[in-house]
Structure formats: C-alpha cells, structure tokens
Amino acid sequence: MRTRGATNAWETELKPDRARTLALDALVRVDEDRAYANLLVPAMLQRATLPERDRGFVTELVYGTTRMRRACDWLVDRFVKRELDVRTRNLLRMGAYQLHFMGTPAYAVVSTSVELGGRASRLVEAVLRRVADADPEWPDDATRLSYPGWIFDHLVDDLGRDDAIAAMETMNKAPTVHERADGYVQDLASQWTAEYVGAQAGERVADVCAAPGGKATAMAEAGAFVAAGDLRPNRAVRVRDNAARVGAQRVATFAGDGRRPPLRTADRVLVDAPCSGLGVLRRRPDARWRITPADVDDLASLQRDLLGAGADLVRPGGTVVYSVCTLTNAETRAIDEWLSETRPDLVAEPPPGPPWDPFGRGARLLPQAADTDGMYVLGLQRKGR
C-alpha cells in the first residue's frame, strides 16, 4: 500500500504550470550548479510574480524534493531502464515527491508533469503512473528517510538507533517559524543558546562567529555591548545589516578570523562555531548531500582552534560558551574531552535544563525534543578574578 502524506491545501486543485516550472528550474540548478536551495529559492521567488499560495507551493516542492532526493530516486529508478538527463531526473523526483510525500492525486501529478516533460513526456507519464500504483518497498531505513548512508550510520552510532531515527524524521519536516519580539526570525534552539550565554547589561561580549547575527542581536537586547565578527567580510556586513534592521544599536561588527580575534578582553565569549550542520538539515535541504565524513574531522580541528582562542579572549572569572548546530560526537563530546585535558583553567558551568539533555559537561538538544534545530552547548568559566 502506498503511503500518502497528510491532506494539504494543494491537493484539491491543479497548480499553474508557472509554479511547477519555477520549482523544476530551481531543482535543476541545485543539482547541476550546486546552488544552495535556501538561498536560491527566495531569490527566484522575489523575481517571480506568483500569488502567495503558489510561492509556498514552490518552496515545498523544492525543499521537500531536495530533502527526499534519495527516497524519490528509489521510487523512480525501479521503473527506469536508461540514463536520465538532469531535467528529466528532477522532474521525476518532483513527481514522486508529490505522489508519495504530499499525497497529491495521481491525475494531477501525472498531467502537470507530462506538460513539463518535453520530449521525455511519454517516459515521464509511464514512470509516474507506475510510481503511483506501486508500494515503495524500501530497501533500508537510510533510503526511506533519504539520508546518505554515512550520515545515517554516524547518527545511529552517536545517538542510538531510536533517537537517531526520530531526529532524522523530524529533520525531514519543514521547520516551525519563530519570530522574536523585534521581528527577527530565529529557531528556539538558537534563542535558548543566546540566553544561555547569560549576557548582562553593560558587559562586553564577543561573538566571534556571528553571522547572520541572530545570537548577537539577542545578547545586545539584554543590554550587553556585543562585538560580532565573521571571517568573511560579506557575512560581517550581513550581521551589521540585520542588527540595523532590528534596531540593535549595541552591536559593533568586524571582519576577522575567530582564531585570531582583533579584540581585547571580553566578559563573555560566544564561539558559535562552523560545523557539519547535522542538526539543521531541515533548514538546509541540500546540505545532507554536500557534507562528507572528511568535513567532520576538518571542522572539529577548526572548532578546537576557535574555542582555544575564545577561551584566551575571555577575562579571568568570565565565561566562554561553545555551541554547534550538529549532533556528532566528534564536534560535541569529543571537543569537551579535549578541552578538559588541555585547558585546566576552564571550569564547566551548569548546563541548561530540559528540553536539553546533559551530554558530557555540556548539553545536547535533539530536534524531536521540542521541534527545534539540533544543538549542543558547553559553558565554561575561566579561573581567576
């Protein structure tokens, strides 16, 4: 029996070809040009003149098809006996996603896909009709959940099978949108991380990997003076623009390497380090297909360098908080273990409470715990006064 998604607002009518054409064009660019879906789709929609409902439909098609690419390929490839060009491949993926994950009626999916099929229209029709009628018969959970095998195995090893599958299922859903009082859209996990830093009025806080600026502006809202920097000048500009947009006047931005921050001593330091991002895969639909096992090792090395520099920047008696939006042991507990061996001058602070779970001396937030991004935080106080 074919599994159907929940009934949605798009099931009951055919969408204009313009919306599906835009979605298909985006999928081709993500696949062929390695464009980032979360950057490409908003830019394409800004140029398009589509009603709001169709804009949401395009976003769902692109993000959902990209997330579920491996599963969609499995649904399709059982009925394809030849090599497919990039456009036809993505058209079939998009059709399979609508059939299996959105629960769109087969007549709507087949007819609109055939219109976009061009010379491959007969193939598209035949394959999608068979996809609509067939049980998926998933070969394994990694295919069903649509993750690369190495990510699936890594998360199962690090989280345990039940927690890992629940996390991956949660990250296959569209994220809940949370808007702060100042209008900044930010996931609750990031808001809680900024709160955990504990910035106080009048304190000097350094946010050394600040882009796009959500945590920096939140800490400034508490009354702290925040020096917010990023390695790339264009990302530092983004922090500055976001601070101006929400009226965060206590944020000063700089472009600089967090391993050698151009700053004096700070009362508190946030090292929100670059990471593999395996806790935010639902926000970055194509990221699961970009990251590699070697990237995790390289990032862990960078994280150690950044955290060491951040610890040197904080004054005696001050605090440094390390955070990453990932779930791997190599970038969380292993960083804590390295720090406990190399920096005896840093004493662990109490971790945040539920829905966070204690993890080493820090805390981990799984996506399924509160329908948020996955996150890890570790708070440390530097000895001395």
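Details of the structure are given in the entry above.
Asks: Please clarify how the overall build of the chain should be interpreted in this entry.
Replies: Tallying secondary structure elements over the chain gives 16 helices and 9 strands in all. In terms of overall size, the chain behaves like a compact globule, its C-alpha atoms giving a radius of gyration of 23 Å where 385 residues would be expected to give roughly 21 Å. Taking the principal axes of the C-alpha coordinates as reference, the chain spans close to 75 × 45 × 30 Å. In the chain, which comprises 385 residues, the proportion classed as buried is 55%. A fraction of 74% describes how many contacts in the chain between residues 6 or more apart in sequence connect residues 24 or more apart. By element, 49% of the accessible surface of the chain is carried by carbon and sulfur atoms, the whole surface being about 16900 Å².

Asks: What is the right way to look at the packing of aromatic side chains in this model?
Replies: Two aromatic rings, taken as a pair, are described by how far apart their centres are and by the angle between their planes. Per the counting criterion, the structure on display carries 3 aromatic pairs. Seen in terms of ring centroids, Tyr 97 and Phe 101 are 5.7 Å apart; in terms of plane orientation they differ by 25°. Their pairing is stacked. We classify Tyr 97 as buried; its relative accessible area is 6%. Geometrically, the ring pair formed by Phe 359 and Tyr 376 is edge-to-face, given 6.3 Å between the ring centres and 85° between the ring planes. Of the two residues, Phe 359 sits in strand E7 (residues 357-359) while Tyr 376 sits in strand E9 (residues 375-382), which places them 17 residues apart along the sequence.

Asks: Honestly, the nonpolar core in this entry has me stumped. Any pointers?
Replies: For soluble globular proteins, the rule of thumb is that nonpolar side chains tend to be buried together. In this structure, Met 219, Val 226, Val 269, Val 271 and Tyr 322 are the most contacted members of the largest nonpolar core, which totals 53 residues. With 44 residues, the next largest nonpolar core counts Leu 22, Val 41, Met 68 and Ala 71 among its residues.

Asks: Sorry if this is basic, but what is going on with unusual backbone geometry here?
Replies: With glycine set apart, most residues show a phi of negative sign, and most peptide bonds adopt trans. That bond from Ala 211 to Pro 212 is cis: its omega, 5°, falls within 30 degrees of zero. Structurally, the position occupied by Pro 212 is in the loop between strand E1 (204-207) and helix H12 (214-221). A cis amide bond, omega 10°, links Pro 354 with the succeeding residue Pro 355. Mapping Pro 355 onto the fold places it in the loop between strand E6 (346-348) and E7. Positive phi outside glycine occurs at Arg 34, with the angle close to 55°. Note on placement: Arg 34 falls in the loop between helix H1 (17-32) and helix H2 (37-47). Residues other than glycine seldom take positive phi values, yet Ser 146 does so here, at roughly 65°. Looking at where Ser 146 falls in the secondary structure, it is placed in the loop between helix H8 (141-145) and helix H9 (149-159).

Rules and cut-offs
- Residues numbered from 1 in each chain as written.
- Predicted model: local features only at pLDDT ≥ 70, side-chain atom pairs only at ≥ 80, totals over all residues.
- Heavy atoms only, no water.
- Helix = DSSP H or I, 4+ residues; strand = E, 2+ residues; numbered from the N terminus.
- Rg over C-alpha atoms; globule rule 2.2 N^0.38 Å.
- Buried < 20%, exposed > 50% of the residue type's maximum accessible area, 1.4 Å probe, protein only.
- Contact = heavy atoms within 4.5 Å.
- Areas by Shrake-Rupley, 256 points an atom, 1.4 Å probe, with all protein chains shown as cover.
- Phe/Tyr/Trp six-rings, centres within 6.5 Å; stacked < 30°, edge-to-face > 60°.
- Core = buried A, V, L, I, M, F, W, Y, C linked by side-chain atoms within 4.5 Å.

Keep in mind these numbers describe shape, not what the thing actually does.
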